[in-house]
Amino acid sequence: MQRYDPDFAPDPAHWLELDEGARIELAEQHHRKAGIPLPNVRAHAVFHAIVENQVALGVPAVVDAVSRLVGQGLGRHEAVHAVCSALAEHFFELMQSRGGQLAAASQARYEAALARLDADEWRLRQGLPGSPAR
């Protein structure tokens, strides 16, 4: 696999054959070539790689969220970003946990957050075209 485009799901077998560094590099390359301004392209690419890993591994809550958001009209790339936002909140919560005490509860909250993701709400929060009027 030589190219990553988040608008199209990478072939799971090919994606998972790559080492993690290569996955992150592909995501970085995509965002640099697309000229997408980011405060930290590496951190952004890491989150892309994690979500794509979860999709490729068939993690049900993630696969369902991406599919639902795309079905609600988000582009796949934007659906990945929506999942990344829930993942970032999950990571933040895990980092606040002492000794992993909250890990199971945090995982359940992550999956619940994924289930609540909605394309209209995401567009509104991001100020994207097609956002519903409040």
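Residues numbered from 1 in each chain as written. Predicted model: local features only at pLDDT ≥ 70, side-chain atom pairs only at ≥ 80, totals over all residues. Heavy atoms only, no water.

### Section: the overall build of the protein
Across its full length, the protein carries 7 helices and 0 strands. Along the protein, helices (α) and strands (β) appear in the sequence α-α-α-α-α-α-α when read from the amino end. For 134 residues, the compact-globule estimate of 2.2 N^0.38 gives 14 Å, and the C-alpha radius of gyration of the protein, at 15 Å, lies within 12% of that figure. Seen along its three principal axes, the alpha-carbon backbone of the protein occupies a region of about 45 × 40 × 30 Å. Across the protein, contacts joining residues at least 24 apart in sequence account for 60% of those joining residues at least 6 apart. Working note: accessible area of the protein is about 7600 Å², and carbon and sulfur atoms make up 56% of it. (Helix = DSSP H or I, 4+ residues; strand = E, 2+ residues; numbered from the N terminus. Rg over C-alpha atoms; globule rule 2.2 N^0.38 Å. Contact = heavy atoms within 4.5 Å. Areas by Shrake-Rupley, 256 points an atom, 1.4 Å probe, with all protein chains shown as cover.)

### Here we look at the pattern of salt bridges
A complete count under the given rule lists 7 salt bridges for this structure. Put simply, Glu-28 and Arg-42 hold a salt bridge, and the shortest N to O gap is 2.4 Å. In this pair, Glu-28 sits in helix H2 (residues 20–34) while Arg-42 sits in helix H3 (residues 41–57), placing the two residues 14 residues apart along the sequence. Among the residues examined, Glu-28 registers a relative accessible area of 4% and is labelled buried. (Salt bridge = Lys/Arg side-chain N within 4 Å of Asp/Glu carboxyl O. Buried < 20%, exposed > 50% of the residue type's maximum accessible area, 1.4 Å probe, protein only.)

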